[in-house]
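Okay, here's what each chain looks like letter by letter:
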Amino acid sequence: MSTTPFSDVRVRFAPSPTGPMHIGGARTALFNWLFARHNGGKFILRIEDTDQKRFDPNALDQITGALRWLGLDWDEGPEVGGPYGPYVQSERLDLYHQWANWLLEHDKAYKCFCTPERLEQVNKEKEARKEPPGYDRHCRYLSRDEVAQNEAEGKSYIVRFKMPLEGETTVYDLIRGDVTFDNSTLQDLVLLKSDGYPTYHLANVVDDHLMHITHILRANEWLSSAPLHYQLYQAFGWPMPAIAHLPVLLNPNGKGKLSKRSTGFTEGGQKVLVLVKEFQEAGYLPEAVVNFLTNVGWSFGDEREVFTVEESIERFDITKVQAANSAFPMEKLDWLNGVYIREKLSPEELAARLKPVLERHGLTVDDDLLRHVVPLVQIRLKSPEDIVELAGFFFRDDFTPAPPQELIQKKMDAAQTRAALERTYEKLAAMDEFEHDRMDAELRPLAEELGLSAGQLFGALRVAITAQAVATPLFETMMILGKETTLARIKQAIDSLNILVNEA
Ligand code: GLU
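Let us look at the structure shown here. This one's a predicted model, so the numbers in the text were calculated from it and none came from an experiment.

1. Overview of empty space enclosed by the protein
- Per the stated rule, a full pass over the model turns up two cavities of 30 Å³ or more.
- Roughly 40 Å³ of volume is contained in the largest cavity.
- Taken together, P401, A402, L407, V463, A464, R489, Q492, A493 and S496 make up the lining of the largest cavity.
- Secondary structure elements with two or more residues in the lining of the largest cavity: α17 (454-466) and α19 (483-503).
- With four residues, the top contributor of residues to the lining of the largest cavity is α19.
- In terms of residue class, the lining of the largest cavity is built from six nonpolar, two polar and one charged.
- Here the second largest cavity defines a volume of roughly 40 Å³.
- Surrounding the second largest cavity, N291, F292, N295, V296, E305, P329, K332 and L336 form its lining.
- Counting only elements with at least two residues in the lining of the second largest cavity, the list comes to α9 (286-294) and α11 (330-344).
- A class-by-class count of the residues in the lining of the second largest cavity yields four nonpolar, two polar and two charged.

Written out as structure tokens, the structure reads:
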């Protein structure tokens, strides 16, 4: 089979708007996008909404939102337009009718008047004979008179394609090489349904041709449609675009296709997410998700796990995509996400990502304060969500002190803790410059003087000023909170310890 005569690469991502975007769909979109960008071609978004029963009115926004979040911009399609629009199939029905009629007129398709009841009966009989299900081509052999009679009676019909009955169909797949199908196994596929809508097959082929698509990159589950589409192209006398079927994503344990049912926990306690919005909500950075997906089914090479989008655009080679379906290594994404947060984002970029997370948790974010907090958390975050636990206290309007028992560190008692905090209060209060090195110079010797380890003293102090055992670095935290707030909180802690000391 020859490839297309079009010299400029034009690929499309053609989702059906049946629900929120799946991570597997995002990977298909990404590989198309990388291929287009690598070749200086066009990436087209086409919405295949011919299945009215499964249509979800929210899906288009979710698809475009997911693509935008991932940074996969489209050159033609909904919202941006383009020379071969409209890019939504339900707005192109006339075209499909026109081309279905063309096939009818050229005796390459036929009207099928069989009722659903008859089709069911045929399948039942086939099942009894242990034959694979499928249409028995009854209407393919109706005489002209019989067709005319059915039409005169106003019987409803669908249009079916006259598939070749013998021989073989070989499709050249850019990843898999030649794939051969026995024509006797192919069905007379439905082109137009009784509701007047085309099937996926007709609309997909007509649109790929009319939109001058040069390469079709789609999920492996469509491989069995390839010979059907090949025969349709042949019937129309159109060149078929080059085609590649991408490996499907499997569950992290390699068992079974990653699907909506995979959401939650699989074996090994690995949390599996499936929808793009779940990744977004869980705090994964789009850069990390894109980096991760690029390396599932294709390999950047040189054993490199971290690379930029620009680097992958430069290297991406569709013929090197693996044929075998790929397990989805979620734990690698967790690791990558941490790498991106800690090493790839500037403090300003990170601040911009953290702000909505804090706000989502009901915290009020002062930009200036956040700017000071970011350097303290950047190397400690695995996910943007971690900021809430680690440093959310900076953004809470009301400070709720920790219960006094929590102030008491290992091998200490209430009286000792209170005394330590009192001495710390005095030292800090006497400081004219409330600054890191001064604190260090004063408080370390103080710990020694009190017969405590630095960990004990700083632990008590940390709980006093943050109400947390784990938080941002102590001295920097006190500097950000300021002298007044720090002292007030230590005072509060001392007061709360009074009760315990008196009880003892
Ligand atoms: N509408 C199909 C889907 O949602 C597109 C398949 C193709 O790319 O041909 O998967």
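2. A closer look at the site of the ligand
- The local shell around the ligand consists of R12, A14, P15, S16, E48, Y200, N204, R218 and W222.
- Contacts to the ligand include R12, whose side-chain N or O atom sits 2.7 Å from an oxygen atom.
- Taking 300 Å² as the accessible area of the ligand by itself, protein coverage stands at 84%.
- Taken together, the residues that form the shell around the ligand break down as four nonpolar, two polar and three charged.

3. Topic: the nonpolar core
- Ranked by size, the top nonpolar core spans 111 residues in total, and within it I23, I318 and M478 carry the most contacts.
- No other element matches the nine residues that helix α1 (residues 23-38) contributes to this core.
- In this view, M478 contacts L428, F434, M439, L443, L461, I465 and T486; residues no more than four positions away in its chain are not counted.
- Core analysis: the second largest hydrophobic core is formed by 35 residues, I44, A109, V159 and L189 among them.

4. Observations concerning the layout of surface pockets
- The space that makes up the largest pocket amounts to roughly 1100 Å³.
- Lining the largest pocket are 36 residues; nearest its centre among them are P15, S16, T18, E221 and W222.
- Here the lining of the largest pocket gets four residues from one element, more than from any other, and that element is α1.
- Residues of the lining of the largest pocket, tallied by class, amount to 15 nonpolar, ten polar and eleven charged.
- Quantified by volume, the second largest pocket comes out at close to 380 Å³.

5. Considering the environment of G82
- In this fold, G82 is placed in the loop between α2 (59-70) and α3 (93-105).
- Judged by its relative accessible area of 42%, G82 is partly exposed.
- Distance in space between the C-alpha atoms of G82 and I44 is 9.0 Å, their sequence separation being 38 residues.

6. Description of the sheet that holds strand β7 (residues 190-192)
- The three strands lie next to each other as β3-β4-β7, forming an open sheet whose pairing is antiparallel. Both outer strands of the open sheet, β3 (109-112) and β7, are each paired with one neighbouring strand and no more. With direction set aside, neighbouring strand axes in the sheet form an average angle of 40 degrees.
- In terms of strand pairing, strand β4 (residues 158-161) meets β7 through two bridges, oriented antiparallel. Opposite R160, over in β7, you have V190 as the bridge partner.

7. Looking at unusual backbone geometry
- In this structure, P86 follows G85 across a cis peptide bond, with omega equal to 0 degrees.
- Here P86 lies in the loop between α2 and α3.
- The phi torsion at R137 lies on the positive side, around 65 degrees, for a residue other than glycine.
- Here R137 is to be found in the loop between α4 (116-128) and α5 (144-152).
- Here R137 falls in the buried class, since its relative accessible area comes to 16%.

8. Thoughts on the side chain of R46
- By the secondary structure assignment, R46 is in the loop between β2 (42-45) and α2.
- Polar side-chain contacts of R46 include one of 2.8 Å to the side chain of D208.
- When neighbours within four sequence positions are excluded, R46 is seen to be in contact with R12, F13, A14, P15, Y87, Q89, N204, D207, D208, M211 and I213.

Conventions and cut-offs
- Residues numbered from 1 in each chain as written.
- Predicted model: local features only at pLDDT ≥ 70, side-chain atom pairs only at ≥ 80, totals over all residues.
- Heavy atoms only, no water.
- 1 Å grid on protein atoms, 1.4 Å probe; cavity = no way out; pocket = protein on both sides within 12 Å on 5 of 7 lines; lining within 4 Å.
- Points joined across faces, edges and corners; volume = space filled by probe spheres on them.
- Helix = DSSP H or I, 4+ residues; strand = E, 2+ residues; numbered from the N terminus.
- Nonpolar A, V, L, I, M, F, W, Y, C, P; charged D, E, K, R; others polar.
- Near = heavy atom within 4 Å.
- Polar contact = N/O pair within 3.5 Å; in protein donor to acceptor, adjacent residues only side chain to side chain.
- Areas by Shrake-Rupley, 256 points an atom, 1.4 Å probe, with all protein chains shown as cover.
- Core = buried A, V, L, I, M, F, W, Y, C linked by side-chain atoms within 4.5 Å.
- Buried < 20%, exposed > 50% of the residue type's maximum accessible area, 1.4 Å probe, protein only.
- Contact = heavy atoms within 4.5 Å.
- Pairing = 2+ DSSP bridges.
- Axes fitted to C-alpha atoms, helices over the stretch in contact; angles between N-to-C directions.

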